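One-letter residues, chain by chain:
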Amino acid sequence: MEAVGELVSSLVLLEETRSSFEGVFDLERLLSKITVGTASPRELIALRASIGRLPVVAAAVAKLKSARFLQLHRNLDLLSDVNEVLSKAISDDPPFAIADGGVIRSGYHAELDELRSLSKNSKTYLASVEARERERTGIASLKVRFNKIFGYYIEVSKANLHLVPNDYDRKQTLVGAERFVTPELKEYEEKILTAEEKIFDIEKTLFQEIRGRIAEQAKRIRQTAAVIAEFDVLAGFAATAQRFGYSRPQISDSDEIYRSPRPSSRDRSIGRGTPGGPFCS
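Definitions and limits used
- Residues numbered from 1 in each chain as written.
- Predicted model: local features only at pLDDT ≥ 70, side-chain atom pairs only at ≥ 80, totals over all residues.
- Heavy atoms only, no water.
- Helix = DSSP H or I, 4+ residues; strand = E, 2+ residues; numbered from the N terminus.
- Expected span 1.5 Å × (residues − 1).
- Pairing = 2+ DSSP bridges.
- Axes fitted to C-alpha atoms, helices over the stretch in contact; angles between N-to-C directions.
- Contact = heavy atoms within 4.5 Å.
- Salt bridge = Lys/Arg side-chain N within 4 Å of Asp/Glu carboxyl O.
- Buried < 20%, exposed > 50% of the residue type's maximum accessible area, 1.4 Å probe, protein only.
- 1 Å grid on protein atoms, 1.4 Å probe; cavity = no way out; pocket = protein on both sides within 12 Å on 5 of 7 lines; lining within 4 Å.
- Points joined across faces, edges and corners; volume = space filled by probe spheres on them.
- Nonpolar A, V, L, I, M, F, W, Y, C, P; charged D, E, K, R; others polar.
- Parallel < 35°, antiparallel > 145°, perpendicular 65-115°, else oblique.
- Left-handed = near helix turned anticlockwise from the far one by under 90°.

Caption draft 1: Focus on helix α11 (residues 218-244). Over its 27 residues, α11 extends 38 Å from the first C-alpha to the last, a length consistent with the 39 Å expected when each residue adds 1.5 Å. At the exit of α11 stands G245, carrying a positive phi of roughly 75°.

See the structure below:
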């Protein structure tokens, strides 16, 4: 076979070809799980990593000149749009299960980012509200707090009640202070208390949408998988030929069959058999 012979003739090209497959996972297996809707976040990352190696494979194929390799190069879809979707949407180190959270990359979905920020940075948010309200009202002792019974509130000492703005709604009266709530705090409280549930729902929905978009490209992915598989097989044949000193058979019309002498260890190490007659094995 011409393609195998080309690889056998150059140890450098063969090694470059075989090394280009490093990091490419079983595309057919990954695709089958994606199309039936059972692929996990890490399996999408495996697909992304595999697609990321395709330009390296393409560069290796491009150096080969036999007709079959030229055809394989033409058929190799780099799937750059699929890679772009996965790179933008899925975090670099997602958990195995969606329920564990952190599957979708920050910056992909604005509402999800906001909810995550609310969940992780509530103390920072309250400190910023407190500083802003102190400046707005002129009440230096104003406090923004939270407890499980009353939720989020603003506490003002009775000595400063005359400075309370009209948009403060009284929530609780204490001996030496009053507690108030504002529309902003009400909205924030509703968001933060439901943030975790919403985060899960949004991540799950987004992940299923992304997996569905990848499944829509099944025909292209399958074609690329077939190209990689054939390229790998041809490289495997060439590696075997080099290892054992196999030569490409030469067929003649004569009745004679010649077998070449067994190649020396040195010949096998460089992948070339000793020249023989019309038929060499």
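Caption draft 2: Up close: the sheet that holds strand β3 (residues 169-173). The sheet built from four strands is open, its strands ordered β1-β2-β4-β3 with antiparallel pairing. The sheet is open, and its two edges are formed by β1 (143-147) and β3, each paired on a single side. The mean inter-strand angle of the sheet, taken between neighbouring strand axes irrespective of direction, is 40°. Pairing between strand β2 (residues 151-157) and strand β4 (residues 177-181): four bridges, direction antiparallel. By the bridge assignment, I154 is partnered in β4 with F180. Strands β1 and β2 of the sheet are contacted by helix α9 (residues 122-137), whose axis makes an angle of about 145° with β1. In this fold helix α10 (residues 183-215) packs onto β1, β2, β3 and β4, with an angle of close to 150° to the strand it touches most, β2.

Caption draft 3: Layout of the pairing of β1. The sheet contact formed by β1 and β2 spans five bridges and is antiparallel. Residue R145 lies in a different strand from β2, and its bridge partner there is Y153.

Caption draft 4: Layout of the pattern of salt bridges. Under the counting rule described, the total for this entry stands at 22 salt bridges. Note that E28 and R222 form a salt bridge whose closest N and O atoms lie 4.0 Å from each other. Here E28 is found in helix α3 (residues 27-35), whereas its partner R222 is found in helix α11, with 194 residues between them in sequence. Judged by relative accessible area, which is 39%, R222 ranks as partly exposed. Between R179 and E155 there is a salt bridge, with the nearest N and O atoms lying 3.0 Å from each other. Residue R179 is located in strand β4, and its partner E155 is located in strand β2; the two are separated by 24 residues in the primary sequence.

Caption draft 5: The arrangement of the side chain of R116 in detail. The residue R116 is located in helix α8 (residues 110-120) in this model. R116 has contacts with G102, V103, I104, R105, S106, I199 and E203, leaving out every residue within four places of it along the chain.

Caption draft 6: Fine view of the layout of surface pockets. Empty space within the second largest pocket amounts to approximately 180 Å³. If you trace the second largest pocket, you find it lined by I98, A99, D100, G101, G102, R116, S119, K120, E196, I199, F200 and E203. Elements that contribute at least two residues to the lining of the second largest pocket include exactly α8 and α10. No other element matches the four residues that α10 contributes to the lining of the second largest pocket. Residue composition of the lining of the second largest pocket, by class: four nonpolar, three polar and five charged.

Caption draft 7: Quick look at the pairing of β2. β2 sits mainly inside the fold: six of its seven residues count as buried. Hairpin connection, β1 to β2: the antiparallel pair is bridged by three residues.

Caption draft 8: Structural view of the packing of helix α4 (residues 41-52) against helix α7 (residues 80-89). Remark: α4 packs on α7, axes separated minimally by 9 Å, with the N-to-C direction vectors making an angle of 135°. In terms of axis orientation, α4 runs oblique to α7. The interaxial crossing formed by α4 with α7 has left-handed handedness. Contacts from L44, L47, R48, I51 and G52 of α4 reach α7 at V82, N83, L86 and S87. Residues belonging to the contact of α4 with α7 are distributed by class as follows: five nonpolar, three polar and one charged.

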